[in-house]
Amino acid sequence: MTSLSALPDVAVHGFHVPLSAVVLGMLSGLTFGLLAVGLVLIYRTSRIINFAHGQMGAFGVAVLSLLTHKFHIPYYVALIPGLAAGGLAAGATELVVIRRLRNTTPVMSIVATLGVGAFLTEVASVVDSSAFSGVTLPSPPGMPVINLGDLRIDEAYTAMLILGPATVAALTLFLRYSRFGLGIRCSSANPESARLAGISVQNMSSLSWVLAGVLSALTALLVIPASGFSSSTDFGPPLLLRALTAGVIARMYSLPIAFGAGVLIGVVQQVVLFNYPNSDGLPDLVFYVLILVVLLSQRSARGRAEEKGSWASVASWKPLPARVARLPEVRGFRWGLTGIGLVVALLLPLMVSNASAVSLSTVITYAIVGVSVGIGTGLSGQLSLGQFAVAGVGAVVSFKLDSSVPFPLALVIAALGGAAISLVIGVPALRLKGLMLTVTTLGFALMANGWGLEQNWALGGGVRPPRPAVFGKVLDTGRSYYYVALAAFLIVLLIAWNVRRLAFGRALLAVRDNESNARGFTVRVTRLKIQGFALAGFIAGFGGAVYGHLLSSVDASTFSVQASIDTVAMTVIGGVGLLIGPLIGAFYVIGLPRFLPLDAAGIAATDLGWLILILYLPGGIAQGLEPLRTRYVRWAAARHGLDIDTEEPILSESARAGRLSVVAEPRRVPVRPETALLDVRGLRKSFGGIAAVRDVSLSVHKGEVVGLIGPNGAGKTTTFELISGFTRPNQGEVLFNGDDVSSLSPERRGRLGLIRSFQDAALFPTLTVTETVRLAFEPRLATSFSLSVLGLPGTEKEKARRASDLVDIMGLGSYRAKQIQELSTGTRRITELACMIALAPTLLLLDEPSSGVAQRETEALGVLLRRLKDELDLTMLVIEHDIPLIMGMADRVIVMDVGTVIADGSPDEVQADPLVIDAYLGASATVLHRSSSVPRPASVGTASEQPSTAITPTV
């Protein structure tokens, strides 16, 4: 490229927009668009963001360069294996890595792609290290050269202009009209329906990855001759941010919009660089702000989250029954191990050199930032790739304050600075579903490293941190400062422990495990996520300040994007679900290279090593240690004749009384006598042009048990979604106790007393039965965020007492320490009913309560529901497929078919209705005898009568 001055130049308030820069931006933006298309394609089929996307293209470049440069194979002949190499790298990643992790959380797959990217970078350099110079890799031959004034568009850019749009057009036609394209679109839109239609969702996912890999390779082959990238690492986060920005604009869905947005981003970058040629990091700031603006402009989608239980594979060690946990051998081992570790940590600096003490302090400070990842990811389920950049903010704040406030106070203010910047980063993304926080944090990390921390008011070209003083003693040696780092780590560990064991941590885990159910439990999900991310930022800022004062000099590169990625990797490797996991991982990722002489091959092996570790132990090293802990605990329990798999119920006085109203304290809401408790008017809802609910109107009066029945696909569950607020109606309104609640969220409706259950009774797989019931008591016995962080119990004892009593009354005492994932469907349903009781509903929406319950227990379920209704003065709207059950317990039955209400009346009237017989019951009466009719009890049984009136839970 030559002069940009000969073409027209538009100036707006001193800001120049030359046509030449626009043209160059459009050409380079074509490559961003191609990358964005590949990212969106993978996201649509796999629901993850592939952070190895650029490196897959780099691998294809290395192959083509090797063939053309060393073996002198013609370009277009070598192009085929070059593109195939990118597709092969992507397909192998999906087959070997993503598919193996399909039963874990998508966050683990994203972390795995970070490892894949690092590994592919090393492999590409080994295949042909000269491929990325822009010299050995030729431009596509035969392309025309275009001259626009003094602007010369050479073969490389012409190839972008021709091949970029042509490739996207071909891909669009392929997806729209080919059989495989249709399969990909069906799999991404509705995997379950695609499977029912005979489409292999896994094969379509693999094909999408291969196509994305080919696109990445083509992008790299076009961009290197034009830009002259210096190494395969240039295909990492900086290039990926451009493509991610385009993907965010396209809402990670539309391929054409993603491609067009990529072109626009290229223009923005060139125009910014033209006006500020000496500020290479400024485009990163522009893109970061653009991402925030786009996310803020997007409406928070209402609907049910899909992730349920995938975090169980990476959760911390399973809880022990209370009697086993209190054994002297178990408690003594735990505290003894902690004491030994603390003694070793205190004595370690005395046995190593000053330089080694600095290295140990570095490991510890990385572990502090790792704890912030553990809270943000392990507890909250949100992946941040910018925690070390947040740590950089904390370091800057502490440097500025060091001379004016005591060092400990400077650390606290630095931590608050980290929390504040985390709010700026998190609020736009955490409002939305999906993995947008990953995008915003990566953007912040790049912006901070390339622009923010390099400003004179931050770190500038580098600073020498002041030596801090504690109690008048200047900490000017590695050994003395080590104890500051250790004390800081213990403080952070205490905060994390407080959060995990108290209400705030339970709520975070519930949202992580099953966001929809958490909202049904009236948890304020968005606020909770923001609080969790702010706390993670607080700890990261604190850790960054401690780390900054450890070093002799600090600049922007100290808080690089790679450091953020390393922090995530080490936390996952150590065990994202375990408090001490970040420290274990820090010794692996940070400590090994410092204490062992690893050459380049050894470092590459380490990258590959932690990738393999994640594949086989998604829960990290801690997961590998759990069998040893379980074996020891079994031995200790056997000495006392106990079994670690069972818990003996211990009934309190209130539990022996068996009165649910004593434990649950039913909600006393004045009901307006002139109105129905629930009044649904003209609800309509369509999905993709298909009407699921058509003009549904119904009412439920206080004290009624109303059944809602109909064949599969009648629209019953969708009607529940609309009533409870999980789905927005296209038309109609929902009135609860005379007030229009149509615009309210599920959480706000729940706090009014409109509570619902879910068809799958999934609840929160990694919480225990007792923890789940305690969570249900939270709306009325709330423990504040600040009390949880400080470790103050607040109302925890009262919640624990009530939860224990309710668990015993419901016959769940033997399972109080069992995680939900260990229970059978029937036992989960009893647990769910216990939670419904604790939530104190005024109107309870039950979605197929007998689903998964053994046939012999269905009659007992009906009696139990009647007992709940009578004791707690409940009103119920019940979806149920067991006709005898619902006919035996309901005062009135509403029948739906094809999205409309076709009957509404008493059970006898409905069973005699010809429309109902034709649409649902059929001519045969066999369905009426699937289970015996459910009698309505004359009186409520006591605890001693429970075996005949309640379901016996089974594991």
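Since the model is a prediction, treat every value here as computed from it, not as a measurement.

A look at the confidence of the model for the protein
On average, residues of the protein score 84 in pLDDT, and 88% of them are at 70 or above. Ignoring residues within four places in sequence, the model shows residues 1-5, a span with pLDDT below 50, making 15 contacts including any to other chains. Contacts of residues 923-955 to residues separated by more than four positions or lying in other chains number 76 contacts, the stretch itself having pLDDT below 50.

A word on the environment of Ser 313
Residue placement: Ser 313 occurs in the loop between helix H11 (282-297) and helix H12 (322-325). Exposure remark for Ser 313: the relative accessible area of 26% places this residue in the partly exposed category. Excluding its chain neighbours within four sequence positions, the residues that come into contact with Ser 313 are Asn 103, Thr 104, Thr 105, Pro 618, Gly 619 and Gln 623.

Considering the sheet that holds strand S16 (residues 900-905)
Judged by pairing direction, the sheet is mixed, and its 6 strands sit side by side in the order S12-S13-S14-S9-S15-S16 without closing on themselves. Because the sheet does not close on itself, it has two edges, and the strands there are strand S12 (754-756) and S16. Put simply, the sheet's adjacent strands are angled 15° from each other on average, direction ignored. Sheet strands in contact with helix H28 (residues 716-724) are strand S9 (705-709), S12, strand S13 (843-847), strand S14 (875-879) and strand S15 (892-897), and its direction is about 150° off that of S13. Across the sheet, helix H34 (residues 858-872) touches S9, S13 and S14, and the angle it forms with S14 is around 155°.

A short note on the pairing of strand S7 (residues 678-687)
The pairing of S7 with strand S8 (residues 690-700) spans 7 bridges and is classified as antiparallel. Note on S8: the bridge partner recorded for Leu 678 is Val 700. Strand direction decides the pairing type here: S7 and strand S10 (residues 731-736), joined by 5 bridges, are antiparallel. Its bridge partner lying in S10, Leu 678 is registered against Phe 736.

Describing helix H16 (residues 407-430)
When the terminal C-alpha atoms of H16 are compared, their 33 Å separation across 24 residues agrees well with the 34 Å that a helix rising 1.5 Å per residue should span. At Val 424, H16 is deflected by roughly 30°, the largest bend along its length, and proline Pro 428 occurs up to four residues later in sequence.

Overview of the pattern of salt bridges
Under the defined criterion, the tally for this structure stands at 26 salt bridges. Between Asp 873 and Lys 702 there is a salt bridge, and its shortest N-O distance comes to 3.1 Å. Within this pair, whereas Asp 873 is found in the loop between H34 and S14, its partner Lys 702 is found in the loop between S8 and S9, the two being separated by 171 residues in sequence. With its nearest N and O atoms 2.4 Å apart, the salt bridge here joins Lys 799 to Glu 778.

Notes on the pairing of S14
Of all 5 residues that make up S14, 5 are buried, and the element is covered over most of its length. The alternating pattern of S14 places Thr 875, Leu 877 and Ile 879 and Met 876 and Val 878 on opposite faces, both of which are buried. Direction of pairing for S13 relative to S14: parallel, over a ladder of 5 bridges. Each residue of the ladder has a partner; that of Leu 843, found in S14, is Thr 875.

Thoughts on the packing of helix H13 (residues 328-347) against helix H18 (residues 478-501)
The interhelical angle for the contact between H13 and H18, taken along N-to-C directions, is 155°, at an axis separation of 10 Å. One element, H13, and the other, H18, form an angle in the roughly antiparallel class. In this structure, H13 uses Leu 342, Ala 345 and Leu 346 to contact H18, whose residues at the interface are Tyr 482, Tyr 483, Leu 486 and Leu 490.

Conventions adopted
- Residues numbered from 1 in each chain as written.
- Predicted model: local features only at pLDDT ≥ 70, side-chain atom pairs only at ≥ 80, totals over all residues.
- Heavy atoms only, no water.
- pLDDT = per-residue confidence, 0-100.
- Contact = heavy atoms within 4.5 Å.
- Helix = DSSP H or I, 4+ residues; strand = E, 2+ residues; numbered from the N terminus.
- Buried < 20%, exposed > 50% of the residue type's maximum accessible area, 1.4 Å probe, protein only.
- Pairing = 2+ DSSP bridges.
- Axes fitted to C-alpha atoms, helices over the stretch in contact; angles between N-to-C directions.
- Expected span 1.5 Å × (residues − 1).
- Bend = angle between axes of the 7 residues up to and from the residue.
- Salt bridge = Lys/Arg side-chain N within 4 Å of Asp/Glu carboxyl O.
- Parallel < 35°, antiparallel > 145°, perpendicular 65-115°, else oblique.

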